[in-house]
Amino acid sequence: MREDIVRAAQFFSADAAVVCLTGAGVSAESGVPTFRDAQTGLWSQFDAEELATPQGFARDPGLVWRWYMWRLEQLEAAVPNTGHAALARLAGLCESFLLVTQNVDDLHEQAGSVDVLHLHGSLFSFRCASCAAPHNLTAEQRGADLPPACGVCSELVRPGVVWFGESLPWDAVEEAATAAHRCSVMLVVGTSGLVYPASQLPLIARQAGATVIDVNPEPGPISSIADIFLQGKSGEVLPALVRAVADRRASA
Ligand code: NAD
Ligand code: ZN
């Protein structure tokens, strides 16, 4: 067992209050491209930020719609990986465990995690871009070249995700920030730490005295402020971490 993983495991005591912040990296091993992979993938000829802003949607709603329908198809084909499963198991080993994700997929829930805060919305929900009425897609609307019209006001329907330049769901952000203030461990997994305000949560936790643990194959802004950097893929590091936590309990 890796020495750094054994060292990290000691912070997950039975009375630990854990906040876990995840990003696109936790779903990478499920075949869901991270944001950066998406930019080098099929849609590399487009600026990904153009596809994820209200201005981009206003300019070319059909292009944005087709991009999100393509991502929806990808997500529907994806299954949770060993990293998602390990986080669901880790939650059961700690007194309190709040999962805060920037992901718009539902792989944490599919793996059995409860108490999941989605800071950036969901790719499985749709609403009117004007009056915000929720909208259920038909198969025909999914295959169409343009977004459907809202049944209430006839304006265009949009994906229920947070785009660049938009506010995050306030209650979710507030709950995450409060939990970050109070937690004893902040476990960060698979996020580049570049997207505000999620990127602030590890800093809030650190300033309040929590132990910050970062899991990522690459060093970055979070690993540089973390107490422990567990370098590697979440699908490999997290199951080993959970084994180490369970071993400690068994030998206690
Ligand atoms: P990001 O693409 O900016 O960063 C991904 C991070 O994951 C990088 O630091 C990378 O080194 C790391 N990574 C890659 N493979 C990994 C692995 N196997 N295990 C652990 N880490 C791995 O993603 P972000 O920080 O989440 O921010 C981008 C935004 O894009 C988010 O707001 C999110 O809403 C959105 N997004 C979501 C999904 C999804 O829902 N699955 C996918 C792509 C983008
Ligand atoms: Zn409407």
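For the structure, check the block above.
In short, a report on the structure.

Quick notes on the rules
- Residues numbered from 1 in each chain as written.
- Chains lettered and ligands numbered in written order.
- Predicted model: local features only at pLDDT ≥ 70, side-chain atom pairs only at ≥ 80, totals over all residues.
- Heavy atoms only, no water.
- Near = heavy atom within 4 Å.
- Polar contact = N/O pair within 3.5 Å; in protein donor to acceptor, adjacent residues only side chain to side chain.
- Areas by Shrake-Rupley, 256 points an atom, 1.4 Å probe, with all protein chains shown as cover.
- Helix = DSSP H or I, 4+ residues; strand = E, 2+ residues; numbered from the N terminus.
- Donors = N, O, S within 2.8 Å, 3.2 Å for Na, K, Ca; no water.
- Tetrahedral: all angles 85-135°; square planar, octahedral: opposite > 155°, others 65-115°.
- Buried < 20%, exposed > 50% of the residue type's maximum accessible area, 1.4 Å probe, protein only.

A word on the site of ligand 1
Line of reasoning, step 1. Around ligand 1, a shell composed of 26 residues is seen, among which Gln102, Val104, His120, Thr191 and Ser192 lie nearest.
Line of reasoning, step 2. Within the side chain of Asn216, an N or O atom sits 2.7 Å from an oxygen atom of ligand 1.
Line of reasoning, step 3. Taken by itself ligand 1 offers 850 Å² of open surface, and the protein chains cover 90% of this.
Line of reasoning, step 4. For the shell around ligand 1, the secondary-structure elements that each account for two or more residues are α2 (25–28) and α3 (35–40).
Line of reasoning, step 5. The dominant element in the shell around ligand 1, judged by the number of residues it contributes, is α2, at three residues.

Looking at the coordination of the zinc ion (ligand 2)
Line of reasoning, step 1. Each protein donor to the zinc ion (ligand 2) is listed here as Cys128 (SG), Cys131 (SG), Cys150 (SG) and Cys153 (SG); together their distances run 2.2 to 2.3 Å.
Line of reasoning, step 2. One way to put it: the four donor atoms around the zinc ion (ligand 2) meet at angles of 97 to 119°, and that makes the site tetrahedral.
Line of reasoning, step 3. One chain supplies every donor to the zinc ion (ligand 2), and in sequence these donors are spaced C-x2-C-x18-C-x2-C. Here the residue Cys131 occupies a position in the loop between β4 (121–128) and β5 (134–135), and Cys150 occupies one in the loop between α8 (139–143) and β6 (157–161), the gap between them amounting to 19 residues.
Line of reasoning, step 4. For Cys131, a relative accessible area of 36% puts it in the partly exposed group.

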